[in-house]
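Chains, contacts and geometry: an overview
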Amino acid sequence: MSHIVNLRGGGVAFVLDLSGPTPVVVHWGADLGDRGHPGIVSNPVPNSSLATGAKQELLPQASSGWRGRPALEGHRRNGTAFSPLLVTSQSRTLAGGGHEITMTDPEVAIEVVIEVRLSDEGMLRLRSTVANRGDSDYSLLALTTPVPTGLGAAEVLDLTGRWCREQHPQRQPLRQGTWLREFRHGRTGHDSSLFTAVGSTGFGNRAGSVWATHFGFSGNHSTYVELTPSGSAMIGNTELFSPGEMTLTPGESYTAPWTYAVHSASGLDGVTQTFHRWLRSRSSHPRSPRPVVLNTWEAVYFNHDLASLKELAHSAEKLGVERFVLDDGWFAHRRDDTAGLGDWYVDTDVWPAGLTTIISDVRARGMQFGLWVEPEMVNEDSDLIRAHPDWISGPGHGRTPLPWRNQQVIDLVNPEAWDHIFSRLDALLSENDISYLKWDQNRDLVEMGHAGSSSAHDQTLAAYRLIDAVRRAHPSVEIESCSSGGARVDLGILERTDRVWASDCNDALERHTIQRWTEAVLPPELVGTHIGPSTAHTTARTHSLSFRAIVALFGHFGIEWDVGNLDDEDFAELAQAVALYKAHRGLIHSGTAVHADLTDPAHTLNGSIAADGSEALFAFVSVATSVAELPGRVGFPGLDPEADYAVTVIFPTQSSPYRSIENVGWIPGGIIASGVFLTEVGLPMPILNPESAVLIHLVRA
Ligand code: DGJ
């Protein structure tokens, strides 16, 4: 039997050599076919070193020569069993393209099972389970999933952020040492990176080798890139445990969350395409056209008043909105953000007849009705906490964590608290015609504890169980994951939700960057993008409606603006944007996302290209004033080189973003050119006002 496991899919291969006592990764990168793998070619053993040469192990451990971060860290009482020698005891092929390897150390009675899967789209997924096979407790400190990078790895790129500025890139040279990011937010975190990438020198959107991973988990976690003097760079992902949190009693096991790993030989867009294709292949992926949303938050905040909300619904209907979402402020005591969380009963002072009146009005106008909830949180000023003060999660000794937005976390590890919250959600969804929940979570979960012991891990899983139970009980209800904007955006939460809210910032300029990097992993149909008010509430910047609309079009589009008071011009342009979204959502939500590499930082060009190359939609965006007088020619990436395309600017048409005596020759009449010309030679772009955009449509002529 061959000792080589050669997993292949989507142009990628992950090759393991199982001939030795421990599994070794021979290759993760381009698919090399099914022959000619020599297996491990041993490294030299340098002077003054351990007796064996360095190997790239699937489960790096000190006992077989790894001196970097080990995959498994733990011990039994008095520090024993601190360094197992885990060797392969079993290995088997998994149905659907994968392999499972069991490693055991009978002396310390620890077993680790590693599951590796490579999908047809090229998505590599790995996760390990550690089991305590002994008769005493095993304190697990960390179970990491590391993957090695390949030839030419030279730079590290990941994302960071804060509230209203999520997913911003940071790049640095790869050097010896460890680049460690830790996220101790109890939720994914505003600064958490959707990916950690290592790539060749200067890798860009369209060129270069890239190895990237994503960790599918919504609790405390860390991610690192490590380059030791004796090996290639590893990217690792780990769940972070609080002290004493993960004790495995005899027979118990812990399974790490999935690490998703993607290799691309064609830059970041190659990484994006694999993530998008894989996510779209899931049976749970939303298939129906993503409805135009109107969310009431920035329109009315807490000022819930039936007459004005009905007026808003009326305007929404006229604009072509398909889903009306009633945000925060509908439940008992919730007149502002100081009280009420936990009291999941309709506020009868504001809604004397319950939510039925607004729901029937919205439904009669042909729209779906959605409702905001924040089930994992409580205000201390709530009937729930007055009745159950011990339901607040915290460190014990009667102390509660520092408040954040006046709120605390309900201890969902307590089965009574969990049952209570589930039954309230269940009742709301059973009693009302609700087809959508905006499931919010508005604070970091610090010092999580249940019955005096740390419970960050259990709290994360209890929240997952709660969402899962609601979905099981109400399978037709869609759920959005919101967390003070984009603080819970990861593939763990997306296993159980239908879209994420990328940011609380509706400023189109900020959003453009936030969405570009969210889109690096998530396809646009999973990302909520709303047109906010002309002057953004979170930055006080003023933008044209057309710029706000073009940015919002490349996602799951909606409106978050008091559209009841628009003048005729704005109303007409907004209605046009809604119609454009409806006309093009099929393309945007199924097409290949592309991002041009432009040399002028004042501009960006991003687009979506139909799978058969027959059509494309691009946004040419001016993000700042340029040092250049002219934007120059810009190439449209990803087109079918053989096809001829008719190219036209389709938006804005009612207002002008242009700043020139005369516009470029191909606007407004359009132009016909071949795909190869448009990609390789490009078209001269118009001079735009800073912070404005045009939408360019290409159709095979
Ligand atoms: C934070 C969210 O991100 C906002 O969109 C809004 O729903 C508020 N919470 C409501 O409190």
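These remarks concern the structure in this document. Fair warning: this is a prediction, and the values are worked out from it, not measured in the lab. (Residues numbered from 1 in each chain as written. Predicted model: local features only at pLDDT ≥ 70, side-chain atom pairs only at ≥ 80, totals over all residues. Heavy atoms only, no water.)

Of all residues adjacent to the ligand, which total 13 residues, the nearest are D327, D328, K438, D440 and D504. Side-chain polar atom of D327 to an oxygen atom of the ligand: 2.7 Å apart, as the coordinates give it. G485 is positioned such that a nitrogen or oxygen atom in its backbone is 3.2 Å from an oxygen atom of the ligand. Considered class by class, the residues forming the shell around the ligand number four nonpolar, three polar and six charged. (Near = heavy atom within 4 Å. Polar contact = N/O pair within 3.5 Å; in protein donor to acceptor, adjacent residues only side chain to side chain. Nonpolar A, V, L, I, M, F, W, Y, C, P; charged D, E, K, R; others polar.)

In this section: the sheet that holds strand β39 (residues 692-700). Neighbouring strands of a sheet are bound in pairs by backbone hydrogen bonds; such pairs are parallel or else antiparallel. One open sheet accounts for six strands, arranged β32-β33-β34-β39-β36-β37; its pairing is antiparallel. Unpaired on one side and paired on the other, β32 (592-595) and β37 (671-674) mark the two borders of the sheet. Taken over all neighbouring pairs, the strand axes of this sheet differ in orientation by 25° on average, direction set aside. Looking at chain direction, strand β33 (residues 603-609) and strand β34 (residues 615-622) are connected through seven bridges and run antiparallel. Pairing of I609 across the sheet is with A616, part of β34. Contacting β34, β36 (644-651) and β39, helix α9 (residues 545-553) runs over the sheet at an angle of about 50° to β39. (Pairing = 2+ DSSP bridges. Helix = DSSP H or I, 4+ residues; strand = E, 2+ residues; numbered from the N terminus. Axes fitted to C-alpha atoms, helices over the stretch in contact; angles between N-to-C directions. Contact = heavy atoms within 4.5 Å.)

With the rule as written, the count across this model stands at 15 aromatic pairs. Centroid distance W297 to Y301: 4.9 Å. Interplanar angle 75°. Geometry classified as edge-to-face. With a centroid separation of 6.0 Å and 5° between ring planes, the pair formed by F331 and W372 is classed as stacked. On the criterion of sequence distance, the pair formed by F331 in the loop between β21 (323-326) and α4 (356-364) and W372 in strand β22 (residues 368-373) is long-range, its members being 41 residues apart. For the pair F331 and W372, one class covers both residues: buried. A cation over a ring is seen here: R69 above Y224, with NZ or CZ 4.8 Å from the ring centre. Against the face of W258 rests R125, its NZ or CZ located 4.4 Å from the ring centre. (Phe/Tyr/Trp six-rings, centres within 6.5 Å; stacked < 30°, edge-to-face > 60°. Buried < 20%, exposed > 50% of the residue type's maximum accessible area, 1.4 Å probe, protein only. Lys NZ or Arg CZ within 6 Å of the ring centre and 35° of its normal.)

Moving on, we get to the pattern of salt bridges. Across all of its chains, the model carries 32 salt bridges by this definition. Between D361 and R365 there is a salt bridge; the shortest N-O distance is 3.1 Å. Overall, R365 belongs to the partly exposed group, its relative accessible area being 23%. We note a salt bridge from D507 to R541, for which the minimum N-O separation is 2.8 Å. Residue D507 is found in the loop between β29 (499-501) and α8 (508-518), and its partner R541 is found in the loop between β30 (527-531) and α9; the two are separated by 34 residues along the sequence. Take D507: its relative accessible area is 0%, and that puts it in the buried class. Put simply, E115, R117 and R127 are held in one network by salt bridges that share partners. (Salt bridge = Lys/Arg side-chain N within 4 Å of Asp/Glu carboxyl O.)

The next subject is the environment of G98. Summarising the element assignment, G98 is placed in strand β6 (residues 98-105). Relative accessible area serves as the criterion here: at 2%, G98 is assigned to the buried category. Residues G98 and R472 lie 374 residues apart in sequence; the distance between their C-alpha atoms is 29 Å. Leave out the neighbours within four places in its chain, and G98 touches L7, R92, T93, V116 and R117.

Here we come to the packing of helix α6 (residues 415-431) against helix α7 (residues 456-473). At a minimum axis distance of 10 Å, the contact between α6 and α7 shows a crossing angle of 30°. Considered as vectors, α6 and α7 are oriented roughly parallel to each other. For the element pair α6 and α7, the recorded crossing hand is right-handed. Counted together, W418, I421, F422, L425, D426 and L429 of α6 and A462, R465, L466, A469, V470 and A473 of α7 form the full contact between these two elements. The residue inventory of the contact of α6 with α7, partitioned by class, reads ten nonpolar, no polar and two charged. (Parallel < 35°, antiparallel > 145°, perpendicular 65-115°, else oblique. Left-handed = near helix turned anticlockwise from the far one by under 90°.)

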